[in-house]
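Survey of secondary and tertiary structure
Spelled out, the chains give:
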Amino acid sequence: MAGKKIEARLRKRVSKALATYRLIEDGDHLLIALSGGKDSLFLTELLGQRSQINYPKFKVCAVHVRMENIPYESDTQYLEDFCNKHHVELHIITTKFNPEPQKEGQRKKPECFLCAWQRRKQIFNLAQELGCNKICLGHHMDDIIHTALLNEIFEGQFTSMPVKLRLRKMPLTIIRPLAMCHEEDIKTYAEQQGYQKQKKLCPFEKETHRARIAELFRQMEAMNPEARYSIWHALETDNKLVEE
């Protein structure tokens, strides 16, 4: 019974996000960035199912990017079977990035930045090749709040990753349909559904400021259980969640 409640809550919050921020419209062609983690798997399942309804009518496919020089690995056969089950066509791309400075004296960029940049580049290129107009990312409410805290503490700016972002240099819009979902709910649902975990997690995952910010946010919620909604309300009030 508890599992059904969590599923219903997740689907309700996704529906609210889709309606509030007008994320998916009739005729859209969506590309899901499928990392193989619980969030992108849930997003794939959800959008695959929604693509089978009559309105809004949209097409959906997914892309999984493998990075040769980072031991960050998912079972691609599992991803293919998962996508087939949920009516989503999967594209797999293998690429790599150059970890060395390109010019003498140039400051070396962190591996996380280079890896993320190369992944995004591949996703953007494929989206345009396939004629997609929107890219779907699996970031949830916790991710968005953590980013706001990171930017506030380290950059002095109260900004975050928007729920909807229309790119200026490409005919693409980035959307985050899980924006109103709590990470803990997605984690519980993934366990109940038996989602297969990634073979190898990113070796740099626990070495970033983001991991420490996540712990800080847990302390904030222990102090005030409504902290996430206060931060979310502030982001909405300052129009930080949609960039047209």
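Residue indices follow the written sequence of each chain, beginning from 1 at its first position. Reporting in this predicted model follows two pLDDT cut-offs: at least 70 for local features of residues, and 80 or more for side-chain atom pairs to be given and counted; totals over whole chains, interfaces and linings ignore these cut-offs and use all residues. Here the side-chain values reflect all heavy atoms present in the structure, with hydrogen atoms and water set aside.

Glancing now at unusual backbone geometry. You will see that Arg22, though not glycine, has its phi angle at about 50°, which is positive. The cut-offs for exposure are 20% and 50% of the maximum accessible area for each residue type, with area from a 1.4 Å probe on protein chains only; residues under the lower value are buried, those over the upper are exposed, and the others partly exposed. Assessed through its relative accessible area of 56%, Arg22 is described here as exposed. Residues other than glycine seldom take positive phi values, yet His87 does so here, at roughly 65°. Within the secondary structure layout, His87 lies in the loop between helix H3 (76-85) and strand E3 (89-95). Accessibility expressed as a relative area gives 48% for His87, which makes it partly exposed. Helical segments are the DSSP runs of H or I of at least four residues, strand segments are the runs of E of at least two, and each set is numbered from the N terminus.

Our focus in this paragraph is the pairing of strand E2 (residues 59-67). Of all nine residues making up E2, seven are buried, and the element is well covered by its neighbours. Bridge count between strand E1 (residues 29-33) and E2: five bridges; the pairing is parallel. Bridging from a neighbouring strand, Leu31 pairs with Cys61 of E2. Note on pairing: two strands pair once DSSP finds at least 2 bridges between them. Taken together, the seven bridges between E2 and E3 define a ladder with parallel strand orientation. When the bridges of E3 are listed, Cys61 appears paired with Glu89.

Counting buried residues along E1, five of its five residues qualify, which places the element largely inside the surrounding structure. Here E1 shows no split at all, with His29, Leu31 and Ala33 on one side and Leu30 and Ile32 on the other all buried. Handedness of a crossover is defined as follows: with both strands directed away from the viewer, a clockwise route from the first strand across the helix to the second makes it right-handed. Crossover handedness for the path E1 to helix H2 (residues 38-50) to E2: right-handed. In terms of strand pairing, E1 meets strand E4 (residues 134-136) through three bridges, oriented parallel. Directly across from Leu30, in E4, lies its bridge partner Lys134.

Quick look at the nonpolar core now. For this analysis, a nonpolar core means a set of buried residues of the types Ala, Val, Leu, Ile, Met, Phe, Trp, Tyr and Cys, connected via side-chain atoms within 4.5 Å. Counting 49 residues, the largest nonpolar core has Phe42 and Trp232 as its most contacted members. Sort the elements by how many residues they give to this core and helix H5 (residues 141-155) lands first, with six residues. Of all hydrophobic cores here, the second largest spans 17 residues; its members include Cys61, Ile93, Leu167 and Ile174.

That is the geometry; function is a separate question.
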